[in-house]
Amino acid sequence: MNLTFHWFLPTSGDSRHVVGGGHGVRPGAAGGDRPPTVGYLSQIARAAEDLGFTGALTPTGAWCEDAWLTTAMVSQRTERLKFLVAFRPDAVSPTLAAQMASTYQRHTGGRLLVNVVTGGESREQRAYGDFLDKDGRYERTDEFLDIVRGLWAGERVTRTGKHLRVEEAELNRLPGTVPPVYFGGSSPLALEVAARHVDVYLTWGEPPAAVAEKIARVRALAEARGRRVRFGIRLHVITRDTPDLAWAEARRLLEGFAPETVRAVQEGLARSESEGQRRMLELHGGGTDGLEIHPNLWAGIGLVRGGAGTALVGSHEEVADRIEEYHALGIEEFVLSGYPHLEEAYWFGEGVLPRLASRGLWTHPAGEVTTGQPALEVPFAGAAR
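Below, the discussion takes up the overall build of the protein chain. Each helix and strand in the protein chain was counted, giving 14 helices and 13 strands. Relative to its length of 385 residues, the protein chain is compact, with a C-alpha radius of gyration of 20 Å against a globular reference of 21 Å. Along the first, second and third principal axes, the C-alpha atoms of the protein chain reach 60 × 45 × 40 Å. The 385 residues of the protein chain split such that 57% are buried. For the protein chain, contacts bridging at least 24 residues in sequence account for 75% of all contacts bridging at least 6. Here the protein chain has roughly 15,500 Å² of accessible surface; of this, 50% comes from carbon and sulfur atoms. The average position of the 42 basic charges and that of the 49 acidic charges among the side chains of the protein chain differ by 3 Å.

See below:
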């Protein structure tokens, strides 16, 4: 089976240090030394495309730039890379969302992947005019995806749900390729939505045993409905030529976390309603000791960043081993990132992907031959500024 790898577009800014934001952290906490201009994000996207990543996740929230608009512009500076666009069902009607996706597919040659984010923070949802509680948001997501799926299938859709109502909705032009739906969530209601509607269920980077348990639950729920769901995992990555070099970089990042920043971020994240965020917090407990929670799995990122808070850290061989370990559980897609995102894409793309190719687990989407040469420490550093 050929594994799929996606990179990340840092639309809140990039840096040689961890950039925070999201999941209970105030919007102004995001930012970095490299503003998220279309020019810089396009550098990252082109690098990811050349290295062999299939797509790039673009987040959603008050702390970052809008994903639809940003990726629409960046797509015009790339040729093959797909864009995993995160969006919230509260922000747009299902009919308009289906139409937007159809338009996006035509203008990019079928390069849209959609990441449906229910929204775990009531405070931020209210800022966007959404006053449903968490359970209500998942109910609405269920209704939303039912409508969108029907429209993409060419149906004339009439639905009267608890939260959404449409009458005789239909698309004038169907998408040439229906975009795959990605979705994450750890609560029981989230798993039910995933089983009914999604193509790829995403989990944050928990230890393998926890990931295996979650996969088993979603798979059983989907099979009970006659469906098959693929599985993906969201992780950061710090990969170098030797383990010592990789862990030295992890220590450098950790040393840049001011204690008062860690306290403030953890207080914000503790207010999160997200079950996935709660599980991330449990991995480190807010402290700096014992952060390697599984061989080569480091929970330090979650001290200052909401959402995905773990990283694969190690030599290129070790990181490839951990990827193979997750793959053995059923993970087919990996959504990765690293600081800074331009340079770290090269470390992974030149260091790990060739090793996975040699194991028969990955091939370049464009059919190009990878050299397996060591990555340069600071590729294109001048251009990155």
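We now examine empty space enclosed by the protein. Using the criterion set out here, one finds 3 cavities of 30 Å³ or more in the structure. Put simply, the second largest cavity is a space of about 60 Å³. With 4 residues, the top contributor of residues to the lining of the second largest cavity is helix α5 (residues 134–152). Its residues placed into classes, the lining of the second largest cavity shows 12 nonpolar, no polar and no charged.

Once that is clear, we can look at the packing of aromatic side chains. For the coordinates displayed, the defined rule picks out 9 aromatic pairs. Aromatic side chains Trp 7 and Phe 53 sit 5.2 Å apart centroid to centroid with 45 degrees between the ring planes, which places their arrangement in the tilted category. A residue pair is termed long-range when its members are at least 10 positions apart, and Trp 7 in strand β1 (residues 4–8) and Phe 53 in the loop between α1 (38–51) and β2 (55–58) qualify at 46 residues. Take Trp 7: its relative accessible area is 0%, and that puts it in the buried class.

Our next topic: the packing of helix α3 (residues 94–108) against α5. Two numbers describe how α3 lies on α5: the axes approach to 9 Å, and their chain directions differ by 45 degrees. Considering their axes alone, α3 and α5 lie oblique with respect to each other. Along this stretch, α3 crosses α5, giving a crossing that reads as right-handed. For the pair formed by α3 and α5, the contact residues are Pro 94, Thr 95, Ala 97, Ala 98 and Ala 101 on the first element and Phe 144, Ile 147, Val 148, Leu 151 and Trp 152 on the second.

Attention now moves to helix α7 (residues 208–224). With 17 residues, α7 extends 24 Å from end C-alpha to end C-alpha; this agrees with the ideal 24 Å at 1.5 Å per step. Turning to α7, its buried residues are Pro 208, Val 211, Lys 214, Ile 215, Val 218 and Ala 222. Buried residues of α7, viewed axially, fall in a sector of 125 degrees; they line one side. Structural note: α7 exposes Ala 209, Glu 223 and Ala 224 on the side pointing more than 90 degrees away from its buried face. Where α7 terminates, the next one or two residues include Gly 226, which has phi positive at roughly 75 degrees.

This brings us to the nonpolar core. Among the nonpolar cores identified, the biggest contains 76 residues, and Phe 5, Phe 53, Ile 323, Tyr 326, Phe 334, Phe 348 and Leu 356 are the most heavily contacted of them. Tyr 326 has contacts with Glu 206, Pro 207, Pro 208, Val 211, Ile 233, Leu 235, Leu 297, Leu 312, Ile 331 and Phe 334, leaving out every residue within four places of it along the chain. Core analysis: the next-biggest nonpolar cluster, separate from the first, contains 20 residues, Val 19, Trp 247, Val 262 and Trp 298 among them.

Cut-offs and rules
Residues numbered from 1 in each chain as written. Predicted model: local features only at pLDDT ≥ 70, side-chain atom pairs only at ≥ 80, totals over all residues. Heavy atoms only, no water. Helix = DSSP H or I, 4+ residues; strand = E, 2+ residues; numbered from the N terminus. Rg over C-alpha atoms; globule rule 2.2 N^0.38 Å. Buried < 20%, exposed > 50% of the residue type's maximum accessible area, 1.4 Å probe, protein only. Contact = heavy atoms within 4.5 Å. Areas by Shrake-Rupley, 256 points an atom, 1.4 Å probe, with all protein chains shown as cover. Lys, Arg positive; Asp, Glu negative; His and termini not counted. Charge placed at Lys NZ, Arg CZ, Asp CG, Glu CD. 1 Å grid on protein atoms, 1.4 Å probe; cavity = no way out; pocket = protein on both sides within 12 Å on 5 of 7 lines; lining within 4 Å. Points joined across faces, edges and corners; volume = space filled by probe spheres on them. Nonpolar A, V, L, I, M, F, W, Y, C, P; charged D, E, K, R; others polar. Phe/Tyr/Trp six-rings, centres within 6.5 Å; stacked < 30°, edge-to-face > 60°. Axes fitted to C-alpha atoms, helices over the stretch in contact; angles between N-to-C directions. Parallel < 35°, antiparallel > 145°, perpendicular 65-115°, else oblique. Left-handed = near helix turned anticlockwise from the far one by under 90°. Expected span 1.5 Å × (residues − 1). Arc of directions from axis to C-beta. Core = buried A, V, L, I, M, F, W, Y, C linked by side-chain atoms within 4.5 Å.

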